[in-house]
Amino acid sequence: NPNYELAQACADTVLQRFPENPEVLLYPTSFLYGDTLGNYLHHLEEKVNFGSSVWSHYKWDLYHQLAQYYGQEDNYEMVIHYGELAVAHNDTLDVSLLLARSYRNLSKNMDALDALLRHVDSTDAVWSLNEKGKLLMELGANDKAIEAFRIASHKNADVQNSGELAD
């Protein structure tokens, strides 16, 4: 970002003006990385745990970001913990691929399969459907994998979809 310093100054100003607004507090997560992001997310989690009602509509977002953060850290137990919390606070959120990969990496294939089967068609994203299909194939649910690939192919006639469907 050629305007990184200006963007950082603007973010700092907004954070100073609205230090308790969840949307403002979640904004820095879009440009923080690594341990800095992890520490910041846990700082926000402490705010949520103090029971402030202003966070009631944003808990899912924080928990989803924590699940994604731990996914990058390969801490699959924490991915599952925070992924389930995110879904508990937003029942329309689809973290099935994130959860299924974590369960698979913990050799909990039945839980992985269950996570995927509950949300096979819950996305419009062709990439996500293809990834779900691949994982379903790995887990031995070939009929459901074909279903995911077919849904993806109806949304987009990409060659990748045809190749995965053929496999």
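Residues numbered from 1 in each chain as written. Predicted model: local features only at pLDDT ≥ 70, side-chain atom pairs only at ≥ 80, totals over all residues. Heavy atoms only, no water.

Caption draft 1: Expanded view of the environment of K132. Tracing the backbone shows K132 in helix 8 (residues 126–138). Residues K132 and L117 lie 15 residues apart in sequence; the distance between their C-alpha atoms is 9.3 Å. At a separation of 2.6 Å, a polar atom in the side chain of K132 contacts the main-chain carbonyl oxygen of H119. (Helix = DSSP H or I, 4+ residues; strand = E, 2+ residues; numbered from the N terminus. Polar contact = N/O pair within 3.5 Å; in protein donor to acceptor, adjacent residues only side chain to side chain.)

Caption draft 2: Structural context of the pattern of salt bridges. Evaluation of the coordinates by the stated rule reveals 7 salt bridges. The shortest N-O distance in the salt bridge between K47 and E20 comes to 3.4 Å. Note that K47 is positioned in helix 3 (residues 34–49) and E20 in the loop between helix 1 (4–17) and helix 2 (22–26), a separation of 27 residues in sequence. The closest approach of N and O atoms between E131 and K134, which form a salt bridge, is 3.1 Å. Note that E131 and K134 are positioned in helix 8 at a spacing of 3 residues, about one turn of the helix. Owing to a relative accessible area of 14%, E131 belongs among the buried residues under this scheme. Through salt bridges with shared partners, a single network forms among R101, E131 and K134. (Salt bridge = Lys/Arg side-chain N within 4 Å of Asp/Glu carboxyl O. Buried < 20%, exposed > 50% of the residue type's maximum accessible area, 1.4 Å probe, protein only.)

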